[in-house]
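Spelled out from the first residue to the last, the chains are:
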Amino acid sequence: MDSSLGVVGLGRMAQALLLPLIKSESIPIGNICAVVKSAASIKRINDQFPKGFKVFTSEDQNAKEVWKSSIVLLAVKPQQLNEVITSTSLNQLLNPNTLLISVLAGVSLKKLQKSFPNQLCVRAVPNTPAFVGAGLTGISWGKGVTTKERLLTKELFSPVSEVLELPESQLDAFLALTSSGPAYIALISEALADGAVAAGLPRDLASYLAHRTIGGTAELLNQKDLHPGQLKDMVTSPAGTTIAALRELEKAGLRSALIEAVIAATERSKELSALSN
Ligand SMILES: NC(=O)c1ccc[n+]([C@@H]2O[C@H](COP(=O)([O-])OP(=O)(O)OC[C@H]3O[C@@H](n4cnc5c(N)ncnc54)[C@H](OP(=O)(O)O)[C@@H]3O)[C@@H](O)[C@H]2O)c1
């Protein structure tokens, strides 16, 4: 990638994207710069990033370089966006046709295009498994984004995630499943471990086994392209242990609770997007 990349906000998500990108050398480190809010963050970032990485505070005059990059990755918290827009004379800094990629949850393409009317806007929804290179990123393209910019955007996310192009109308449900999903699975993992502790296993072992069972099951479903029902039937023998457990899960309404959870998260995401417009 011979573009320059400016990163606005270098917290957990932007770091998860940037470090593998720098490591893969798909973009020279000299072509990247970032801006953060506080001087304390600069020290922490300098400790984590390779030598030669440029990071400034928003007060620093050099921070203008970030906005002049050909690609700008917007990765502040959604509630920090207005401050970023109003505190920076963006119209003087941004080039027309800068590729502006936002990972801000609940900030719509409409809002982005209103805030950056001369730029090419992209809305991306990454998830936390990206921190270990196993993420999913849903992407919706704003007006005028060409094949070239689509490829550049995908290059940015592909070192840490699978990239899926989606209409923006599907992003709320995508987020409800993939971005909030790690919390649902973490809850399930914790509860499974609690069950095993109640049944007599030591805590560390129970937690390890719960995580590995979830990871291994997901791997099996993916690799063998199995329907979840097929896998359930494979491990459920007549009058056996699994059917005794499944009976309890159905009685407690696990399936219905998970369906309602994804719907509730989708509705909340829609509400937040509407507030951001
Ligand atoms: N984390 C996730 O799992 C996840 C998943 C999907 C999407 N996202 C999205 O990613 C975005 C960032 O999330 P995060 O968890 O990485 O947040 P975070 O860790 O709080 O990072 C926010 C960054 O923005 C910087 N910042 C704040 N105000 C600024 C300003 N005026 N100018 C320049 N930089 C400023 C902060 O600087 P300081 O360090 O100096 O405070 C910090 O580096 C959010 O919009 C979120 O919706 C996150």
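Residues numbered from 1 in each chain as written. Predicted model: local features only at pLDDT ≥ 70, side-chain atom pairs only at ≥ 80, totals over all residues. Heavy atoms only, no water.

Caption draft 1: Structural view of the pairing of strand β4 (residues 71-74). Burial along β4 is two-sided: Ile 71 and Leu 73 and Val 72 and Leu 74, pointing in opposite directions, are all buried. Sheet topology places strand β1 (residues 5-8) next to β4; four bridges connect them, and they run parallel. Directly across from Gly 6, in β4, lies its bridge partner Val 72. (Buried < 20%, exposed > 50% of the residue type's maximum accessible area, 1.4 Å probe, protein only. Helix = DSSP H or I, 4+ residues; strand = E, 2+ residues; numbered from the N terminus. Pairing = 2+ DSSP bridges.)

Caption draft 2: Main features of a nonpolar patch on the surface. Together, Leu 201, Leu 205, Tyr 208 and Leu 209 line one region of the surface with nonpolar side chains, adding up to about 330 Å² of accessible area. Along the chain, Tyr 208 falls in helix α10 (residues 203-223). (Patch = residues over 30% accessible without salt bridge, like charges linked within 9 Å, V, L, I, M, F, W, Y side chains within 5 Å. Areas by Shrake-Rupley, 256 points an atom, 1.4 Å probe, with all protein chains shown as cover. Salt bridge = Lys/Arg side-chain N within 4 Å of Asp/Glu carboxyl O.)

Caption draft 3: Layout of the sheet that holds β1. Pairing is mixed in the open sheet, where eight strands are placed in the order β3-β2-β1-β4-β5-β6-β7-β8. What marks the edges here is a single partner per strand, and that holds for β3 (54-57) and β8 (161-165). Taking the axes of each pair of neighbouring strands and ignoring which way they run, one obtains an average angle of 20 degrees across the sheet. Where strand β7 (residues 135-141) and β8 come together, five bridges link them in parallel fashion. Bridging across to β8, Ile 139 finds its partner in Glu 165. Sitting on the sheet, helix α7 (residues 147-157) touches β1, β4, β5 (99-102), β6 (120-125), β7 and β8, and the angle it makes with β7 is about 160 degrees. (Axes fitted to C-alpha atoms, helices over the stretch in contact; angles between N-to-C directions. Contact = heavy atoms within 4.5 Å.)

Caption draft 4: Looking closely at the domain arrangement of the chain. You can read the domains of the chain as domain 1 (5-167) and domain 2 (179-272). Here domain 1 and domain 2 have C-alpha centroids that lie 34 Å from each other. (Domains from an automatic or database assignment.)

Caption draft 5: The pairing of strand β2 (residues 32-36), seen in detail. Taken across its five residues, β2 has five buried, putting it largely inside the fold. One ladder, built from four bridges, connects β1 with β2; its direction is parallel. Bridging from a neighbouring strand, Gly 6 pairs with Cys 33 of β2. Here four bridges tie β2 to β3, and the two strands are oriented parallel to one another.

Caption draft 6: Layout of the site of the ligand. Every one of the 24 residues lining the ligand counts as a neighbour, but Met 13, Ser 38, Ser 41, Val 76 and Thr 128 are closest to it. Backbone polar atom of Val 76 to an oxygen atom of the ligand: 2.6 Å apart, as the coordinates give it. The separation between a nitrogen atom of the ligand and a polar side-chain atom of Glu 83 is 3.5 Å. For the ligand, the protein covers 84% of the area, taking 910 Å² as the surface of the free molecule. The cavity that encloses the ligand is the second largest pocket. Looking at the shell around the ligand, the elements with two or more residues in it are α1 (12-23), β2, α2 (39-48) and α4 (81-87). (Near = heavy atom within 4 Å. Polar contact = N/O pair within 3.5 Å; in protein donor to acceptor, adjacent residues only side chain to side chain. 1 Å grid on protein atoms, 1.4 Å probe; cavity = no way out; pocket = protein on both sides within 12 Å on 5 of 7 lines; lining within 4 Å. Sits in = over half its atoms within 2 Å of the grid points.)

Caption draft 7: Fine view of the layout of surface pockets. One number sums up the size of the largest pocket: a volume of about 2,600 Å³. For the lining of the largest pocket, the class distribution of residues is 32 nonpolar, twelve polar and six charged. Shared between two domains, the lining of the largest pocket takes at least three residues from each, and those domains are domain 1 (5-167) and domain 2 (179-272). If you add up the space inside the second largest pocket, you get close to 1,300 Å³. (Points joined across faces, edges and corners; volume = space filled by probe spheres on them. Nonpolar A, V, L, I, M, F, W, Y, C, P; charged D, E, K, R; others polar.)

Caption draft 8: How the structure looks around the packing of helix α8 (residues 171-179) against helix α13 (residues 254-276). α13 packs onto α8 with a crossing angle of 130 degrees between their chain directions and a minimal axis gap of 8 Å. Between α8 and α13, the interaxial angle falls into the category oblique. In the packing of α8 onto α13, the handedness of the crossing is right-handed. Together, Asp 172, Ala 173, Leu 175, Ala 176 and Leu 177 of α8 and Val 262, Ala 265, Thr 266, Ser 269, Lys 270 and Ser 273 of α13 make up the contact between the two elements. Taken together, the residues of the contact of α8 with α13 sort by class into six nonpolar, three polar and two charged. (Parallel < 35°, antiparallel > 145°, perpendicular 65-115°, else oblique. Left-handed = near helix turned anticlockwise from the far one by under 90°.)

Caption draft 9: Molecular detail of α13. Compared with an ideal rise of 1.5 Å per residue, which puts 23 residues at 33 Å, α13 spans 33 Å between its outermost C-alpha atoms and is within 8% of the ideal. Along α13, the residues that are buried comprise Ala 265, Thr 266, Ser 269, Ser 273 and Ser 276. The inward-facing, buried residues of α13 contact α6 (109-115), β6, α8 and α9 (181-198). (Expected span 1.5 Å × (residues − 1).)

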